[in-house]
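A closer look at the structure
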Amino acid sequence: MMNTGKQAVKAKPPPKDWVSMNLIEKAIELYVGEKYFCSGSTEEDTHQVVDKYANALSIAMQFFDIQMSGKLVNNKIAWRGDSAMGDGSEVNLDLNRGMYDAGDHAILEYGNHMNMVNELDNAQESLKWITDFLINAPPSDDVLYIQVGEPKLDHTCWERPEAMTGKRPLTQVNALYPGTDVAAESAEAMAAASLVFKSTDSAYSGTLLKHAKHLFKFADTYRGSFSISIPKAAAWLYHATGDKSYLTYVATNGNAFANWGNPSWFSWENKLAGVQVLLSRVNFFGSKEDISTEESLSLQSYRQTAETFLCGLLPESSMATSQRTTDGLVWVNQGNPLQYSVASSFLAVVYSGYMLSSQTSNLYCSGKLYEPTGLRNFAISQLDYILGNNPMETSYLVGYGSRYPQQVHHRGASIPMDANSNCSDGFIQDTLIQMLQLELFLGDHPLVIITETLGTTLRKPQFSEVPDSHQ
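What counts, and at which threshold
Residues numbered from 1 in each chain as written. Predicted model: local features only at pLDDT ≥ 70, side-chain atom pairs only at ≥ 80, totals over all residues. Heavy atoms only, no water. UniProt positions renumbered as here; feature names shortened; annotations may be inferred. Helix = DSSP H or I, 4+ residues; strand = E, 2+ residues; numbered from the N terminus. Buried < 20%, exposed > 50% of the residue type's maximum accessible area, 1.4 Å probe, protein only. Core = buried A, V, L, I, M, F, W, Y, C linked by side-chain atoms within 4.5 Å. Contact = heavy atoms within 4.5 Å. Disulfide = S-S within 2.5 Å. Expected span 1.5 Å × (residues − 1). Salt bridge = Lys/Arg side-chain N within 4 Å of Asp/Glu carboxyl O. Axes fitted to C-alpha atoms, helices over the stretch in contact; angles between N-to-C directions. Parallel < 35°, antiparallel > 145°, perpendicular 65-115°, else oblique. Left-handed = near helix turned anticlockwise from the far one by under 90°. Nonpolar A, V, L, I, M, F, W, Y, C, P; charged D, E, K, R; others polar.

Quick look at the UniProt feature "active site" (unreviewed entry) in the protein now. UniProt tags His 409 as "active site" (unreviewed entry). Examined against the element boundaries, His 409 turns out to sit in the loop between α14 (372–386) and α15 (411–414). Note on His 409: relative accessible area 11%, which makes it buried.

Here we come to the nonpolar core. Within the largest apolar cluster, 68 residues are counted, with the highest numbers of intra-cluster contacts made by Leu 95, Leu 144, Phe 216, Leu 279 and Tyr 302. Per-element tally for this core: the top contributor is helix α6 (residues 180–196), with ten residues. Excluding its chain neighbours within four sequence positions, the residues that come into contact with Leu 279 are Ala 235, Leu 247, Val 250, Leu 299 and Tyr 302. Of all hydrophobic cores here, the second largest spans 29 residues; its members include Tyr 110, Phe 266, Ala 273 and Leu 314.

Joining two cysteines, a disulfide is a covalent bond between their sulfur atoms. In the structure shown here, the tally under the stated rule is one disulfide. Residue Cys 311 pairs covalently with Cys 365 via a disulfide, S to S 2.0 Å. Looking along the S-S bond of the Cys 311-Cys 365 disulfide, the torsion reads about -85 degrees, which is the left-handed sense. With a gap of 54 residues between them, Cys 311 in helix α12 (residues 293–313) and Cys 365 in strand β4 (residues 363–365) connect regions that are remote in the sequence. Given a relative accessible area of 1%, Cys 311 falls into the buried group. The exposure class assigned to Cys 365 is buried, which follows from its relative accessible area of 1%.

Our focus in this paragraph is helix α7 (residues 202–221). With 20 residues, α7 ought to run about 28 Å at 1.5 Å a step, and its terminal C-alpha atoms sit 28 Å apart, in line with that. Of all the positions in α7, only Tyr 204, Ser 205, Leu 208, Leu 209, His 211, Ala 212, Leu 215, Phe 216, Phe 218 and Ala 219 are classed as buried. Of the surrounding secondary structure, the elements contacted by the buried residues of α7 are α4 (120–136), β2 (143–148), β3 (170–174), α6, α8 (229–241) and α9 (244–252).

Right, let's get into the pattern of salt bridges. A full pass over the atoms with the stated rule returns 13 salt bridges. With a closest N to O distance of 3.2 Å, Lys 128 and Asp 132 form a salt bridge. Here Lys 128 and its partner Asp 132 are both found in helix α4, four residues apart, which amounts to about one turn of the helix. Given the relative accessible area of 15%, Asp 132 is considered buried. The partner of Glu 185 in a salt bridge is Lys 271, with the nearest N and O atoms 2.9 Å apart. Of this pair, Glu 185 sits in helix α6 while Lys 271 sits in the loop between α10 (254–257) and α11 (272–285), and the two are 86 residues apart along the sequence. Several salt bridges converge on common partners, so that one network encompasses Arg 80, Arg 160 and Glu 162.

Our focus in this paragraph is the packing of α7 against α8. In contact at an axis separation of 11 Å, α7 and α8 are set at 150 degrees when each is read in the N-to-C sense. With respect to each other, α7 and α8 are oriented roughly antiparallel. Between α7 and α8 the crossing geometry is left-handed. Across the interface between the two elements, Leu 209, Ala 212, Lys 213, Phe 216, Ala 219 and Asp 220 of α7 pack against Ile 230, Ala 233, Ala 234, Leu 237, Ala 240 and Thr 241 of α8. A per-class count over the contact of α7 with α8 returns nine nonpolar, one polar and two charged.

Okay, structure coming up:
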């Protein structure tokens, strides 16, 4: 469905495949709630803060419109058009939807907030564009098409998606050549999405849930590898169905994969922290059915590991991670640091919501207690840094504020719509445009892209407008 998208700034048109790091999560947590948890603030101040994050959310949501593949419906981006219309045709499947770089799920946590700023319908429309593709990807119970396009060939060609002329080969996993992680993450995505559409389109929700169950069984039966993807899918299926067997699955298999007591960063490559926070929800609010003592202890271990991770985020805690800049930005990896900052912020906001809803007053961190506002304040500090409160006074959300990176590494935006360029000419075209921009201080690509959250900054407060550096 989606481009591998390891960095948002590397928004390459083909291929489409599944790495479900949630860009909607990135957008949602920019709007952390109507109260903002600023004790003592006036109503006017609170409203001003909400406008700030609501604006960022609206900008971020447009990224999905820019990245859509296939026959566009209600196209909102003037320089985008239909692309990859024949995807899947060689096997009589319609795989022409999906996105070149995309994500899912966080509508579930903050749908009401999205509705308040008139973004819920847009989010559901974008999500359905993705899940429509997912529904068509498994032609049978033991086959799943996981990618359209060949990455190596694709990366040698710089062109707009509307102008693609190269082959679009399909990749599948099946019983003989399993793909546990990709099948499980597809099941997870559809299970979560089924909850989004449950109240508005019950038939579509049911279709998603049916496919999610089949793909979970496929992933679990034909294991090419066994990682956190299967239990994460089981956790979402439990929330979507209420079927206790899925909860039992993650509880009884915890010793095999949960790595209890050893928290890890939440990222595209490792989603274990997300599973631990998600399953903490059951520990906070209980299960509709009785659970065994063993299952209860297992769920408690998930929560304890989640809290160890969260304590590491709090700068005042004795458990605070040292993996942050001197200005407080979480910084784990030079190549993609903002994914860690944003993903950690999202988990902090979600967990603080669990604490407030369950009337849990404090988080215990090695002898000291912290209120939910501490987690929220951490998230706010990360988001404010990304939105411009940093030594460079630069917003890393493209399109937000008065100063942000102009030369985004993005094929569709870097080549004029009327350019008559072939595969290799696109690289030359983009280079010439960049040189002209630098010489004349024009700043913008010929087509305006205003929605990307840059995948990278530097640990030291500096930023270079060099598109090929991916910084």
